[in-house]
Amino acid sequence: MERVAIRAKGLVKWFGDEATRTIAVRDASFEAHYGEMLYIVGPSGSGKTTLLSMVSGILKPNEGSVSVEGRDLWQMTDDEIADLRLNKIGFVFQDYHLFPRLTTAENVAIPLILKKMEWNKALEVALEYLDIVGLKDRAQLPPVKLSGGEQQRVAIARAIAGRPDILIFDEPTASLDGDTGRKIVEFIKTKILNRERCIIIVTHDSRIDEYADTIMKMEDGKIIGVEKKTEFAPGVEQ
Amino acid sequence: MSGILKIALKLLVNDKSKFAALLIGITFAVFLMVMMTSMFSGILARSSSSVYNIGAKIWVMDPAVNNASSSIPMPDYVLSTARSIKGVKYAEPIYFGGAQVKLKSGVYQAVTVVGLDNATLYGRPNLIEGNIADIYGENAFFVAKDAEYSKLENPKVGTEFEINDFRGVVVGLAQVASSGLFGVPTLYTTYSRAITYIPSTRFTTSFILIEPKSEADTPYIQEQIHKLGYEALTRDQFVKKITDFYTYKTGIGMNILMMTAISFIVGLSISGQTFYTFILENLEKFGALKAIGAKGSELISMILFQASFTALIGYGLGVGLASSMIILARIRIPDYAAQVTYTTLGFAFVMVLIIAGFSSYIGVRKVLQIQPFDIFRG
Ligand SMILES: Nc1ncnc2c1ncn2[C@@H]1O[C@H](COP(=O)(O)OP(=O)(O)OP(=O)(O)O)[C@@H](O)[C@H]1O
Ligand SMILES: [Mg+2]
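Residues numbered from 1 in each chain as written. Chains lettered and ligands numbered in written order. Predicted model: local features only at pLDDT ≥ 70, side-chain atom pairs only at ≥ 80, totals over all residues. Heavy atoms only, no water.

Time to look at the overall build of chain A. For chain A, the helix and strand inventory stands at six helices and 10 strands. Over its C-alpha atoms chain A spans a radius of gyration of 18 Å, differing by no more than 12% from the 18 Å that the globule rule assigns to 238 residues. With the principal axes as the frame, chain A shows a C-alpha extent of 50 × 45 × 40 Å. Restricting to contacts in chain A with at least 6 residues of sequence separation, those with at least 24 account for 69%. Total accessible area on chain A stands at roughly 10,300 Å², and carbon and sulfur atoms take up 46% of it. Averaged over its 32 positive side-chain charges, chain A has a centre that lies 2 Å from the centre of its 37 negative ones. (Helix = DSSP H or I, 4+ residues; strand = E, 2+ residues; numbered from the N terminus. Rg over C-alpha atoms; globule rule 2.2 N^0.38 Å. Contact = heavy atoms within 4.5 Å. Areas by Shrake-Rupley, 256 points an atom, 1.4 Å probe, with all protein chains shown as cover. Lys, Arg positive; Asp, Glu negative; His and termini not counted. Charge placed at Lys NZ, Arg CZ, Asp CG, Glu CD.)

Helices and strands together make up the secondary structure of chain B, namely 12 helices and 10 strands. Its C-alpha radius of gyration of 29 Å places chain B more than 25% over the 21 Å reference for a compact globule of 378 residues. In terms of overall dimensions, chain B has a C-alpha envelope of 95 × 50 × 35 Å along the principal axes. Taking all 378 residues of chain B together, the buried fraction comes to 53%. Long-range pairs, those at least 24 residues apart, make up 79% of the contacts in chain B with a sequence separation of at least 6. (Buried < 20%, exposed > 50% of the residue type's maximum accessible area, 1.4 Å probe, protein only.)

Right, let's get into the packing of aromatic side chains. Residue and element names in this part refer to chain B. One pass over the structure, following the stated rule, counts 17 aromatic pairs over all chains. Judged by centre distance (4.2 Å) and plane angle (5 degrees), the rings of Phe166 and Tyr197 are stacked. Of this pair, Phe166 sits in strand β7 (residues 166-174) while Tyr197 sits in helix α5 (residues 191-197); the two residues are 31 residues apart in sequence, bridging distant segments of the chain. According to the relative accessible area criterion, Phe166 is partly exposed, its value standing at 33%. Members of the aromatic cluster, joined through ring pairs, are Trp59, Phe96, Phe207 and Phe238. Sitting over the ring of Tyr220, Lys86 keeps its end group 5.3 Å from the ring centre. (Phe/Tyr/Trp six-rings, centres within 6.5 Å; stacked < 30°, edge-to-face > 60°. Lys NZ or Arg CZ within 6 Å of the ring centre and 35° of its normal.)

All quantities given are derived from atomic positions and should not be read as evidence of function.
Below is the structure:
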């Protein structure tokens, strides 16, 4: 099995027309591997979210290519990309984006329901994932009744419920206090990461550096350095 | 129900205040539209009541006549010519006139008097009480038992009254299919008594009623009457002529049409607006669904479902409300002219579908435009 989960080559993204053009990402290339916890760090506005969006099929790059398990992501149709997102990629958004009108369990069940799992079955499975994040007893509450850290964990449960191979977190600790943030990331590293999963985390938070396998630094749209704590073979099979 | 639609339903109804606002908008619009069109249809049905109550197949009249209550008398030769047309089984005159009745209590009441042909009584109503032959009795009148009956102080067989200073006596009660539009009670008597008791012009024939030998003779009869400069209409044609008159030649049709249009526009804007804010407030959620992997078609089906679900419930509530209003109004005003017909229901339903379609359209446009990236960036 190929160990590379995502390979990005020469990604460029700009916004606005010629007069007002801001280049958010310039010529970014990198690889993310299964079993790897990859951090993207850098100052605000350096293009981290933009880069993450391009590799996860959310934002089309102006130049460059992304391959996910050897398939060229941006050559696929919209529906194929939607399918890929549903089946391969799990997201945890910075603001969680939980549905306040649904219960916690229903929130977690959403990817399963989108995968056409039958409603009651999906809720059962959702409970298992809520159990993993330690929130089974909150299943029937609306997410707004939960604390920030708990909501974050619900978002994680929703992201992993569809059993994606690639998990993407944008600033998972930004709105949490230091302790809670550490606990969440430790949880991700020990309970969610495994050899068949690739986790990419965008963060500002240097207190959680110890959990990273690789830290990729961005500045002004460019990747300016990669610090490897664990070695992964560059783009070859295991 | 598919899981996605169930999510759509929960997003909709769990937002109670917004859902209530949506329902109120649509209910209100449907209520107004059903009320307006029912009133209109009630008025139209009443405007043709005489044509329904007098069971003739063909009506002959002056071309300028546009409803049964304002006839233009025709000279006698029209009647004799009509009788000689091939295919005419018989042709009889009928008289419509207005008179003042002085009731026992001393109160005056305007009435419509229908004079039936002396020999044949063609066009006579069915009787609830009394014997048709009694119409030949001295000063005999039948009273129509319609919504206006009580205005004559609920007369019985034997009740006496004065009509234009003549004595009148009730000899029976007639059944009618429909009450009239003008709130005036109806009396039936013989043709000759009617024209004796009511001051008339030189000619007295209001209409000529024709019974053709067979349906197939009708076109020929119409053609021959037309040659005389008069008009022969079948019952349905006459009803249509009256309906067209009230719809297009009086203020009633135009006003009702405008009110209906206004209620439609009000309903459309309330519901469209509320649904639009609902979609706007949930835009992030739709974006998140998109990011998670929902396809465009799935988002569209969610919105269509939300819009049509709201529209159907609003439709039910609106129709229910309008019907109860009409029932309540009937309790107070027995001859309240409004009727809920399949046409009015169908019309309101189509309007509601348009409202739902319009609301979905703006919602779908918005949701398809949304970029998950913008959600992702927070
Ligand atoms: N939709 C957009 N339209 C115009 N400019 C945009 C848009 N999205 C991003 N940008 C610009 O691209 C640059 C990179 O933005 P991005 O959100 O990727 O930064 P970031 O590194 O994630 O920052 P932060 O740490 O604050 O989240 C910024 O200068 C931003 O203003
Ligand atoms: Mg960002």
